[in-house]
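For reference, the chains in residue letters:
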Amino acid sequence: MNNMRSRQHAYQKHKSNSTGALNSLYSINLTNGDVTYEHAMLLNILNNSAPYAKEVPEEALILGNFLSSMTPTLKKLGYNHGVSIGRALYDIFGIRNRLAYPQILDQLSKFFEQVGYKNCDYNVNGRFVSFRIYKTKHKCSSGPIHDIEAGIISGFISASIGDISHISETSCAYAGGEYCSFDSAISPKFSAPESIERYALHMQREGTLEIGDKIRTEYYMLNLMPLMDLEYSDSVCIMLHYLGSRAIKYIMPDNKNKVKILQGIKAIYNKIGFGDVVCTQKPLKLEIILDDLRSNKAFADFSASFAKGALEGFSAKEDYTVTYEKQGDIYKITIK
Ligand SMILES: [Zn+2]
């Protein structure tokens, strides 16, 4: 993931207090003072508080969670990625304050709250942990889709007790209920994969609703990392292209009015976090601007795939050209 590594340069300022004292079995690799992408993003979340923080609508993260639940391989990849984030997070708290387990779980709760989730609580009984993250209701999945969060909790606990502790999401707010429940498990369980059609139906139901809670952009990008892996990104683009073509059908089911359809695309983009859209209709052109945190080629491909799907959904033209341009810290995608 060269494109992800290149982002590290923007975060070098954090490295001074991140080295040394990280020689535990679970510490992340910080040789030569290099800060991993995960570490830099976590520090950014912890060091920057609202209102200066950058955020995306929760719906953006839901789409990311959903895409990460499309196959058992992606779910497992997400879990393992979460474990690495959880360990990095423990290392950060370990440097700041050597709290003992289970009290250090308060720090994990605070982290999820800083990310943008409503609140958390937990219950510890010997080696058995039950951790809850409360969320706004969005019924969009048939089963648990927070494998990354399960991994983060597992990695954090494993690092703090010095032993492997697996966690499974046993019930999910997005399948109904007011919280996601994460419980100790002998081995992580990855529930049945989701069908893309289910998310399309969810978009149709929620499409016109207002933007609700916000999630930190750094956390959103951390969640998308496994999807941006070269091995999977093409398949993700195909799914997003399909979702874009479905989206247009519910924005304006019978409308052939180009202006209204372009306004609809703009509104959806605001909601799913794929960038700020500027449209012109003569000639038909979409410009998508990605801010510095989302300024990444794989992410730009995701955004462009959804837009192409949407444009092809309402016009017969199928040869839209996509160009990418990096302008300082931002990324500009043009589709015409
Ligand atoms: Zn969940």
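About the criteria used
Residues numbered from 1 in each chain as written. Predicted model: local features only at pLDDT ≥ 70, side-chain atom pairs only at ≥ 80, totals over all residues. Helix = DSSP H or I, 4+ residues; strand = E, 2+ residues; numbered from the N terminus. Buried ≥ 20, exposed ≤ 12 C-beta atoms within 10 Å, placed from the backbone. Axes fitted to C-alpha atoms, helices over the stretch in contact; angles between N-to-C directions. Parallel < 35°, antiparallel > 145°, perpendicular 65-115°, else oblique. Left-handed = near helix turned anticlockwise from the far one by under 90°. Contact = placed C-beta atoms within 7 Å. Pairing = 2+ DSSP bridges. Nonpolar A, V, L, I, M, F, W, Y, C, P; charged D, E, K, R; others polar. Core = buried A, V, L, I, M, F, W, Y, C linked by C-beta atoms within 7 Å. Domains from an automatic or database assignment. Arc of directions from axis to C-beta.

A. Structural detail: the overall build of the protein. A count of helices and strands for the protein gives 11 helices and 10 strands. Counting only residues that meet the buried cut, the protein has 43% of its 336 residues in that class.

B. Layout of the packing of helix H9 (residues 230-251) against helix H10 (residues 258-272). Axis separation between H9 and H10 bottoms out at 10 Å; the angle between their running directions is 120°. One element, H9, and the other, H10, form an angle in the oblique class. Two packed elements cross with a definite hand, and for H9 against H10 that hand is right-handed. Here Ala-247, Ile-248 and Ile-251 of H9 come into contact with H10, specifically with Ile-261, Gly-264 and Ile-268.

C. Representation of the sheet that holds strand E4 (residues 166-171) within the structure. Across the sheet, four strands lie side by side as E2-E3-E5-E4; this open sheet has antiparallel pairing. Sheet topology places strand E2 (119-125) and E4 at the edges, where each strand pairs with a single neighbour. Adjacent strand axes in the sheet meet at a mean angle of 20°, parallel and antiparallel pairs treated alike. Judged from the five bridges that link them, E4 and strand E5 (residues 179-185) form a sheet pairing that is antiparallel.

D. Just the packing of helix H3 (residues 58-67) against helix H8 (residues 217-224), in detail. One way to put it is that H3 packs onto H8 with a least axis distance of 9 Å and a crossing angle of 15°. Here H8 runs roughly parallel to H3, going by the angle between their axes. Of the two possible hands of crossing, H3 and H8 adopt the one that is left-handed. Along the contact surface, H3 presents Ala-60, Leu-61, Gly-64 and Asn-65, while H8 presents Tyr-220, Asn-223 and Leu-224. Grouping the amino acids of the contact of H3 with H8 by side-chain chemistry returns four nonpolar, three polar and no charged.

E. The arrangement of the environment of Ser-160 in detail. Relative to the assigned elements, Ser-160 resides in helix H6 (residues 147-161). A count of 25 C-beta atoms within 10 Å places Ser-160 in the buried class. When the C-alpha atoms of Ser-160 and Tyr-90 are compared, they prove to be 6.9 Å apart, with 70 residues separating the residues in sequence. The residues touching Ser-160, leaving out its near neighbours within four places in the chain, are Tyr-90, Tyr-101 and Ile-104.

F. Here's a closer look at the nonpolar core. Of all hydrophobic cores here, the largest spans 88 residues; its most connected members are Leu-89, Ile-153, Phe-156, Tyr-220, Ile-265 and Ala-307. Of all the elements, helix H4 (residues 72-96) adds the most residues to this core, at 10 residues. Two domains each provide a minimum of three residues to this core, namely domain 1 (2-194) and domain 2 (229-335). In this structure Phe-156 touches Gly-86, Leu-89, Tyr-90 and Leu-108, once residues within four positions along its chain are discounted.

G. Geometry of helix H5 (residues 105-115). Those residues of H5 lying buried are Leu-105, Leu-108, Phe-111 and Val-115. The buried residues of H5 occupy one face: seen down the axis, they fall within an arc of 105°. Phi turns positive, to about 135°, at Gly-116, one or two residues after H5.

H. Spotlight on the pairing of strand E8 (residues 284-290). As defined by bridge partners, strand E7 (residues 276-281) adjoins E8 across six bridges and the pair is classed as antiparallel. Residue Val-278 lies in a different strand from E8, and its bridge partner there is Glu-287. Between E7 and E8, which pair antiparallel in sequence order, lie two residues. Sheet analysis places E8 next to strand E10 (residues 330-335), joined by five bridges and oriented antiparallel. Bridging across to E10, Ile-288 finds its partner in Ile-333.

I. Quick peek at the sheet that holds strand E9 (residues 322-327). Read across the sheet, four strands follow the order E7-E8-E10-E9 without closing on themselves; strand pairing throughout is antiparallel. Each having just a single partner strand, E7 and E9 make up the two edges of the open sheet. For this sheet, the mean angle separating the axes of adjacent strands, direction not counted, is 15°. Packed onto the sheet, helix H11 (residues 297-314) meets E8, E9 and E10 and runs at close to 25° relative to E10.

J. Examining unusual backbone geometry more closely. Of the consecutive residues Tyr-101 and Pro-102, the connecting peptide bond is found in the cis state with omega at 5°. Tracing the chain through its elements places Pro-102 in the loop between H4 and H5. Along the chain, Lys-282 connects to Pro-283 via a cis peptide bond; the corresponding omega equals -5°. Tracing the chain through its elements places Pro-283 in the loop between E7 and E8.

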